[in-house]
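# Analysis of the macromolecular model
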Amino acid sequence: RTMEMELRNALAAGQFEVYYQPLVRADSGAVSCFEALLRWHHPERGTVSACDFISLIEEIGIIGRVGRWVMEEACRTATTWPGTIGIVVNLSPVQFASDELVDNVRRILADTGLEPARLELDISEAILLKDAGATVSTLQRLRELGVQLSMDDFGTGYSSLGYLRKFPFDKIKIDRSFMRDLDSAGSAAIVRAIAGLANMLGISAVAEGVETEDQFARAQLEGYQEVQGFLFGQPVQGADVPALLSRTT
Ligand code: G
Ligand code: G
Ligand code: NA
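Everything in this summary refers to the structure shown in the same document. (Residues numbered from 1 in each chain as written. Chains lettered and ligands numbered in written order. Predicted model: local features only at pLDDT ≥ 70, side-chain atom pairs only at ≥ 80, totals over all residues.)

## Things to note about the environment of Ile 127
Quick reminder of the rule: Helix and strand definitions here come from DSSP, where helices need a minimum of 4 consecutive H or I residues and strands a minimum of 2 consecutive E residues; each element is numbered from the N-terminal end. By definition, residues are in contact whenever their C-beta atoms, placed on the basis of the backbone, come within 7 Å of each other.
In this fold, Ile 127 is placed in the loop between strand 5 (119-124) and helix 6 (132-144). Ile 127 sits 117 residues away from Ala 10 along the chain, and the two C-alpha atoms are 26 Å apart. Contacts of Ile 127, omitting those with residues within four sequence positions, involve Pro 93 and Phe 96.

Quick look at the structure:
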């Protein structure tokens, strides 16, 4: 279990870094916010993506500490950006289930001085499978802090329509697998239907995984308010964000 030991040491060793990927407005192409994405600079393996170690971090019980570090780092960095630019932070199911989550978010907002409305929390559809009453209450307490709440990876889980009725998310992010498969009639119909559903509910729709001009055109046509994907930018280091902002605004 070398990797476990290395991960336990990574925060103290300064091997974690937050990268930032832009989301842009579908109408103007202007950057609206950046998503914080954790990277691990491993001494031998090089830069490792979150998908390759997040589940291990949860398993060994350090996601609370690492998640707080990511949120604090991301919020602090966002305070150096223009006030119109938001920051998106992903919440893992384990963080979401913690009694301390709401207090942690409140404290990080106070410590960094970030305006709450600039912080957006991405909640994966998978989180919502558990204990509906407790989940809605946590969502409500987060909402009372003034942050934005997004349902992430929409279309991959099971119970999300019920949740949309019980709790008004600010944004719905359609899972990138649907944009990838636009050639299939089924995916194309779902891409249209999810935007229609969101717009009728007064919720903003976000298309993830936009890699081509054709996919972008389709997202615009179907009424997505924001888009994210390699067409608009890869995740970059914090130091590269100002250049990206001056290029696109
Ligand atoms: O950027 P990457 O392809 O490694 O992301 C893979 C997955 O890891 C994505 O689903 C993303 O939401 C998740 N992820 C990236 N950074 C974080 C983080 O800081 N916290 C949590 N909980 N998940 C993250
Ligand atoms: O589900 P979530 O939004 O948290 O996923 C973020 C992950 O998606 C990051 O790992 C990021 O690198 C990846 N990602 C972002 N844009 C694209 C894209 O256009 N294509 C693909 N394949 N992955 C993307
Ligand atoms: Na996300």
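## Considering the pairing of strand 5
Rules: Note on burial: count the other C-beta atoms lying within 10 Å of the residue's C-beta; 20 or more is buried, 12 or fewer is exposed, in between is partly exposed, and C-beta positions come from the backbone. Strands are treated as partners if at least two bridges between them are detected by DSSP.
For strand 5, the tally of buried residues reaches six of six residues, placing the bulk of the element in the interior. The alternating pattern of strand 5 places Leu 119, Leu 121 and Ile 123 on one face and Glu 120, Asp 122 and Ser 124 on the opposite face, and all of these are buried. Pairing of strand 4 (residues 86-91) with strand 5, which is carried by five bridges, proceeds in the parallel orientation. By the bridge assignment for strand 5, Asn 90 is matched with Asp 122. Where strand 5 lies against strand 6 (residues 148-154), five bridges are found, and the strand directions are parallel. The residue bridging Glu 120 from the neighbouring strand is Gln 148, located in strand 6.

## So, the site of ligand 1
To keep things clear, this is the line we draw: In this analysis, residues qualify as near a molecule or strand once their C-beta atom, positioned from backbone atoms, comes within 6 Å of it. Residue polarity is assigned by list, with Asp, Glu, Lys and Arg as charged and Ala, Val, Leu, Ile, Met, Phe, Trp, Tyr, Cys and Pro as nonpolar; anything else, Gly included, falls into the polar class.
The full set of residues close to ligand 1 is Ala 36, Leu 37, Leu 38, Ser 49, Ala 50, Cys 51, Ile 54, Gly 67, Val 70, Asn 90, Leu 91 and Ser 92. If you list the elements that add at least two residues to the shell around ligand 1, you get strand 2 (31-42), helix 3 (63-78) and strand 4. No other element matches strand 2, which puts three residues into the shell around ligand 1. Here the residues of the shell around ligand 1 are counted per class, giving eight nonpolar, four polar and no charged.

## A look at the pairing of strand 7 (residues 171-174)
Neither face of strand 7 is exposed, since Lys 171 and Lys 173 on one face and Ile 172 and Ile 174 on the opposite face are all buried. Bridging between strand 6 and strand 7 involves three bridges; their strand directions are parallel. When the bridges of strand 7 are listed, Met 151 appears paired with Ile 172. As defined by bridge partners, strand 7 adjoins strand 8 (residues 204-207) across four bridges and the pair is classed as parallel. If you follow Lys 171 over to strand 8, its bridge partner there is Ser 204.

## Describing the environment of Tyr 19
Along the chain, Tyr 19 falls in strand 1 (residues 16-25). When the 20 C-beta atoms within 10 Å are taken as the criterion, Tyr 19 is described as buried. Considered as a pair, Tyr 19 and Arg 247 are 228 residues apart in the sequence and their alpha carbons are 18 Å apart. In this structure, Tyr 19 is in contact with Leu 37, Arg 39, Pro 235, Val 236 and Gln 237, ignoring residues within four places of it in sequence.

## Some details on the site of ligand 2
Near ligand 2 lie 15 residues; those nearest to it are Asp 153, Gly 209, Glu 211, Gly 229 and Phe 230. Looking at side-chain class alone, the shell around ligand 2 contains four nonpolar, five polar and six charged residues.

## Some points on helix 6
Using the following cut-off: Helix span, expected: 1.5 Å multiplied by one less than the number of residues in the helix. Summarising the geometry, the arc corresponds to the directions from the helix axis toward the C-beta atoms.
Across its 13 residues, helix 6 extends 18 Å between first and last C-alpha, which sits within 8% of the 18 Å expected from 1.5 Å per residue. All of the buried residues in helix 6 are Thr 135, Thr 138, Leu 139 and Leu 142. All buried residues of helix 6 fall inside an arc of 100° around its axis, so they share one side. Across from the buried face of helix 6, at angles greater than 90 degrees, the exposed residues are Gly 133, Gln 140 and Glu 144. Against helix 4 (93-97), helix 5 (101-112), strand 5 and strand 6 lie the buried residues of helix 6.

## Regarding the nonpolar core
The test is simple: For this analysis, nonpolar core means a set of buried Ala, Val, Leu, Ile, Met, Phe, Trp, Tyr and Cys residues linked through C-beta atoms within 7 Å.
Among the nonpolar cores identified, the biggest contains 62 residues, and Ala 36, Ala 74, Ile 87, Val 89 and Ile 172 are the most heavily contacted of them. Apart from the residues within four sequence positions on either side, Ala 36 is in contact with Val 18, Tyr 20, Val 70, Ala 74, Ile 87, Val 88 and Val 89.

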